[in-house]
Amino acid sequence: YILNNDKYSCQVLLTMGQDDLLTNLPGEQNLFKHMKWSGMANYFASKKVTIKDPQGYVIGNAQHYDRLTGVVVNKAGHLATYDQPFSYFEVLDRFVNENWA
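Anyway, here's the lowdown on the structure attached to this text. All values reported here derive from a predicted model rather than from experimental measurement.

Quick word on helix H1 (residues 25-33)
- Buried within H1 are the following residues: Leu25, Glu28 and Phe32. Taken around the axis of H1, the buried residues stretch over an arc of 70°, which confines them to a single face. Structural note: H1 exposes Pro26 and Lys33 on the side pointing more than 90 degrees away from its buried face.
- Summarising the contacts, the buried residues of H1 are in contact with strand S1 (12-17), helix H2 (40-45) and strand S4 (68-73).
- With a side-chain oxygen positioned 2.7 Å from the backbone nitrogen of Gly27, the residue opening H1 is Asn24.

Written out as structure tokens, the structure is:
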């Protein structure tokens, strides 16, 4: 709804824990395939970016187009903020600063 409504110009961040047992990663990725948004084809065509922490460790990957960002946080379960707080902080910092390069 938010992505399809031009009245809302906010960015949308969807995060997924790589090891989530409650809402598993394949199921969450399938959700993206069924989202009804005019930018989905461009989102899927966009390049996946590996996210590294300041020490150079890979903490996940992100895909971004327009106002939608999807992030997989490595070694995180359903509560990624609890399982990988420093990695999640890095994701939020990049999201707020629009730094997915």
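What to know about the pairing of strand S3 (residues 58-65)
- Looking at chain direction, strand S2 (residues 48-52) and S3 are connected through five bridges and run antiparallel. Each residue of the ladder has a partner; that of Thr50, found in S3, is Asn61.
- Linking two consecutive strands that pair antiparallel, namely S2 and S3, is a turn of five residues; a positive phi of about 95° is found at Gly56 within it.

Basis of the calculations
- Residues numbered from 1 in each chain as written.
- Predicted model: local features only at pLDDT ≥ 70, side-chain atom pairs only at ≥ 80, totals over all residues.
- Heavy atoms only, no water.
- Buried < 20%, exposed > 50% of the residue type's maximum accessible area, 1.4 Å probe, protein only.
- Helix = DSSP H or I, 4+ residues; strand = E, 2+ residues; numbered from the N terminus.
- Arc of directions from axis to C-beta.
- Contact = heavy atoms within 4.5 Å.
- Polar contact = N/O pair within 3.5 Å; in protein donor to acceptor, adjacent residues only side chain to side chain.
- Pairing = 2+ DSSP bridges.

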